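# Chains, contacts and geometry: an overview
What follows is the residue order along each chain.
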Amino acid sequence: MSADIRVPSRAGGPAPSVRSSGPPRPPRRGRFGVHLFLSAVSLVFLAPLLLAVLASLRPYEETAERGYFSFPEKLSFDHYREAYTASGMGEHFTNTLIVAVPAVLVTLFLAAFTAFAVARLDLRGGVALLVFLTAGNLLPPQVLVTPLYVLFLHVDLPWWMSDSMSLYDSYWAVILVNIGFQVGFCVFVLANFMRTLPKEVLEAAIVDGAGVWTRFWRITLPLCRPALAALATLEFTWIYNDFLWALIFISDPGKLPVTSSLNNLRGQFFTDHNLLAAGSVLVALPTILVFLLLQRHFVAGLTLGSGKG
């Protein structure tokens, strides 16, 4: 913010004003160095993805003869068509959406409820509940594989919920496990974010006669939209890329998620890595699309609270 500074005059006349322009700007050379460093770091992270995209567009014979770090002579999308049809990726995409979409929605809904109770309702034992949910994420998932496997085998479901007549070998098993492992992290993030919201807003709502549901649904949730969008992006990416739980709790190959379709592109004696790269790029496209759609809210959710003391 500019300010006028008066410099005393030797002749006793009015002092000329010198306008200061606030703190000095960093030199251009320093900013160029920062941009160069960030560009180099970005290139390091993007290099494997760019190499996979380039390999997916090249024939296997060319890379086998000249290597992957060579200038391409021929580029085509043949590997993408073959990867989509040979792996049955369309069916597996549907299976992944059946698991990921309900799991993300239910996780955020339950986490928002719990975080609101912990952060805004002065719930007795709320801090202990928050610590308990957060500590649950520190437990290695491999420890729970055997108990959950035995439990799901003994939980019966009606035929219209599962064709296997049990929780095992059904989408419900993978959905429930993902919800159980992701709720704790979302509660931790949302509870800390809700504590930064101005208390005066909810106090005014209480004075106006708003109940708990109104304060949660019509006041708190709209204010948490950036945080919810950031969590939705992360949760969809994690659940979409999950392979462990589906491999353990689903035995029917027709119900496996899209990450398992990459195994169908591996041969018993020979694997075309260019074809596998094309399949990997196709599998990654939905997560990239979700990030692009929610990018503005995702970045806003990450930077919320950065300017608070």
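Residues numbered from 1 in each chain as written. Predicted model: local features only at pLDDT ≥ 70, side-chain atom pairs only at ≥ 80, totals over all residues. Heavy atoms only, no water.

## Some thoughts on a nonpolar patch on the surface
Keep this limit in mind: Patches in this entry comprise residues that are over 30% relatively accessible and not in a salt bridge; like charges within 9 Å are linked, as are nonpolar side chains (Val, Leu, Ile, Met, Phe, Trp, Tyr) within 5 Å. Note on areas: these come from Shrake-Rupley sampling with a 1.4 Å probe, and a residue is covered only by the protein chains present in the view. We count a salt bridge whenever a side-chain nitrogen from Lys or Arg sits within 4 Å of a carboxyl oxygen from Asp or Glu. Only DSSP runs of H or I reaching four residues or more are called helices, and only runs of E reaching two or more are called strands; each is numbered from the N terminus. Relative accessibility decides the category of a residue: with a 1.4 Å probe and only protein chains considered, values under 20% of the type maximum give buried, values over 50% give exposed, and everything between is partly exposed.
A contiguous nonpolar surface patch, about 830 Å² in accessible area, is contributed by Leu97, Val101, Leu105, Val106, Phe109, Leu110, Phe113, Trp213 and Trp217. Secondary-structure elements contributing two or more residues to the nonpolar patch are α4 (89-120) and α9 (212-223). A total of 7 residues in the nonpolar patch trace back to one element, the largest contributor, which is α4. Note that Trp217 resides in helix α9. Of the residues examined, Trp217 reaches a relative accessible area of 42% and is grouped as partly exposed.

## Examining the packing of α4 against helix α10 (residues 225-240)
In a packed pair of helices, the relevant descriptors are the angle between the two axes and the axis-to-axis distance. Cut-off, in case you're wondering: Helix axes use the C-alpha atoms of the stretch in contact, all axes being lines fitted to C-alpha atoms, and the angles between their N-to-C directions lie in the range 0 to 180 degrees. For any pair of crossing helices, the crossing counts as left-handed if the nearer helix is rotated counterclockwise from the farther one by less than a right angle, and right-handed if it is rotated clockwise. It only takes one pair of heavy atoms within 4.5 Å for two residues to be counted as in contact. As a working rule, the residues Ala, Val, Leu, Ile, Met, Phe, Trp, Tyr, Cys and Pro are called nonpolar, Asp, Glu, Lys and Arg charged, and the rest polar, with Gly in that last group.
The interhelical angle for the contact between α4 and α10, taken along N-to-C directions, is 145°, at an axis separation of 9 Å. Both α4 and α10 take part in a crossing whose hand is right-handed. Side by side, α4 and α10 meet where Phe93, Thr96, Leu97, Val99, Ala100, Ala103, Val104 and Leu108 of the first sit next to Leu228, Leu231, Ala232, Glu235, Phe236, Ile239 and Tyr240 of the second. Residue classes in the contact of α4 with α10 are distributed as 13 nonpolar, 1 polar and 1 charged.

## Let's talk about unusual backbone geometry
It is generally the case that most residues other than glycine have a negative phi and that most peptide bonds are trans. One non-glycine residue, Met165, adopts positive backbone phi at about 65°. By the element assignment, Met165 lies in the loop between α6 (145-153) and α7 (171-194). The partly exposed category is assigned to Met165, whose relative accessible area is 44%. Unusually for a residue other than glycine, Asp169 sits at a positive phi of about 60°.

## Some points on the side chain of Arg120
What counts is decided by this rule: Charge assignment in this entry is limited to Lys and Arg as positive and Asp and Glu as negative, and neither His nor the chain termini are counted. For this analysis, a polar contact is any N or O atom pair within 3.5 Å, provided that within protein one partner can donate a hydrogen and the other can accept it, and provided that sequence-adjacent residues contribute only side-chain to side-chain pairs.
Residue placement: Arg120 occurs in helix α4. Lacking a salt bridge, the buried Arg120 has Glu203 as its closest oppositely charged neighbour, with an N-O distance of 7.4 Å. Engagement of the side chain of Arg120 in a polar contact is seen with the backbone oxygen of Met194, the distance being 2.7 Å.

## Topic: the packing of aromatic side chains
Stated formally: Stacked, tilted and edge-to-face are the three classes applied to pairs of Phe, Tyr and Trp rings, where Trp contributes its six-membered ring and a pair requires centres within 6.5 Å; stacked means planes under 30 degrees apart, edge-to-face means over 60, and tilted covers the rest.
Under the definition given, this model contains 13 aromatic pairs. Where Phe109 meets Phe113, the ring centres are 4.8 Å apart and the plane angle is 90°; that geometry is what we call edge-to-face. A residue pair is termed a helical-turn pair when its members lie 3 or 4 positions apart in one helix, as Phe109 and Phe113 do in helix α4 at 4 residues. Since its relative accessible area comes to 31%, Phe113 is described here as partly exposed. Ring centres of Phe181 and Trp245 lie 5.3 Å apart, and the angle between their planes is 35°; on these two criteria the pair is classed as tilted. With a gap of 64 residues between them, Phe181 in helix α7 and Trp245 in helix α11 (residues 244-249) connect regions that are remote in the sequence. In this structure Trp245 comes out as buried when scored by relative accessible area, which is 5%.

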